[in-house]
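Notes for the structure review
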Amino acid sequence: MITVKDIVSELEKLAPPSYQESYDNSGLIVGHLETEAHAALLCFDITENVIDEAIEKKANLVISHHPVIFGGLKKINGKNATERIIIKAIRNSIALYSAHTNLDSVRGGINTVLAEKLGLSNIKILLPMEQALFKIAVFVPNAHSAKVRQAMFDAGAGHIGNYDSCSYNATGTGTFRGGENTTPFVGKKGALHSEPEIKIETIARKENIPQVISAMKSNHPYEEPAFDIYRLENKYENAGIGAIGILPEYTEAAEFLANIKRVLPVKVIRHNSLFKKVKTVAVCGGSGATYIGNAISAGADIFVTGDCKYHQFLDFNNEIILADTGHFESEYFAAEIFFNTIHKKFPNFAADLSHGIFNPVQYF
Ligand SMILES: [Zn+2]
């Protein structure tokens, strides 16, 4: 039996929900994790048509990029489309799940996939994530240090770039005195004790902290292990906003725009002056215009995104080429990413791309 949780866990290995922006509402919006998942329907936005299609296909899990509930809902009486979608989903026992800004931010998510599809190499995150990394320091008696260290690594600590098992180990002396209701592992209750200890320092991402601390505690011999967790100023280079990479050679801007039209279902690309050839390309799917400045500082010749405003085309004219493909088009690969992620782990599970994937913005 495959549960909603099995499918969701796979998606969350790629795009941890803790990576979503503060304004986002990614995650399981309707339903229960323990429910058996019969089939899943993958889409971009959840519309009433998508729910009807799910009912018809007997898919009791709908996975979308944009969350169907973004702000709060105070009443659910079917007055607008969102309320009707929620009512119909609940009535038909359909779970609704979304991976939005967390899917944008990870390697293998919206932006790095777009960068790959556009033929870029040496792809990096445009604006690496802040406040994602933590230092954990724990004080362990010498004989137990290897076991505790390994348990923390196994739970996800110690990764720096392409290295794993990273830690620093310093020897020192711990002191403690157990109070009335203690059973000290070493020393005697009520007596001051000194113990040779190792301070293990390692690094962990925020989503792994609970597992790392729990693994450390269950392998630590003390009743009250002493440990510190502190947030680092170091940026996490494997997640964040947008992506940047390079083309094999300097290319005429118009030629690159033509390539975008081949890769994405774009009818019209809005752009400003094609004043230079392009080689370094920054991308940010969706409404990425806020990050034009970051694309410029990162040395991009062109920035591919959606939802640019008139004044942004004007203000950055002859500074960076803006290529606005449209919001929907720039995030076009969301459902394909869902499909590939699920299919890789559960090749026999019925996960289908919805027929209801459409761009609400149309061109006359
Ligand atoms: Zn979007």
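So, here's what we can say about the structure. (Residues numbered from 1 in each chain as written. Predicted model: local features only at pLDDT ≥ 70, side-chain atom pairs only at ≥ 80, totals over all residues. Heavy atoms only, no water.)

Time to look at the nonpolar core. Counting 57 residues, the largest nonpolar core has I7, I63, F256 and I260 as the members making the most contacts within it. Top element by residues in this core is helix 12 (residues 334-345). It accounts for five residues. Residues within four places of I7 in sequence aside, it is in contact with I2, A37, L61, I63, I342, F346 and F349. I51, V62, I69 and I86 belong to the second-largest nonpolar core, a separate cluster that totals 18 residues. (Core = buried A, V, L, I, M, F, W, Y, C linked by side-chain atoms within 4.5 Å. Buried < 20%, exposed > 50% of the residue type's maximum accessible area, 1.4 Å probe, protein only. Helix = DSSP H or I, 4+ residues; strand = E, 2+ residues; numbered from the N terminus. Contact = heavy atoms within 4.5 Å.)

The next point concerns the coordination of the zinc ion. Here the zinc ion is held by H66 (NE2), H327 (NE2) and E331 (OE), and the distances to it run 2.0 to 2.1 Å. Written as a sequence motif, the donor residues of the zinc ion are H-x260-H-x3-E. (Donors = N, O, S within 2.8 Å, 3.2 Å for Na, K, Ca; no water.)

Before going further, it helps to examine the sheet that holds strand 11 (residues 270-271). On the basis of which strands lie adjacent, the open sheet formed by six strands has the order 5-10-12-13-14-11 and mixed pairing. Every interior strand has two partners, whereas the edge strands, strand 5 (121-129) and strand 11, have only one. The sheet contacts of helix 5 (residues 110-117) involve strand 5, strand 10 (236-251) and strand 12 (278-287), and relative to strand 12 the element is tilted by about 140°. (Pairing = 2+ DSSP bridges. Axes fitted to C-alpha atoms, helices over the stretch in contact; angles between N-to-C directions.)

At K58, a position not held by glycine, the phi torsion is positive, near 55°. For K58, the location among the structural elements is in the loop between helix 2 (48-57) and strand 3 (61-64). Phi at N122 takes a positive value of approximately 50°, unusual for a residue other than glycine. Turning to its location among the elements, N122 is positioned in strand 5.

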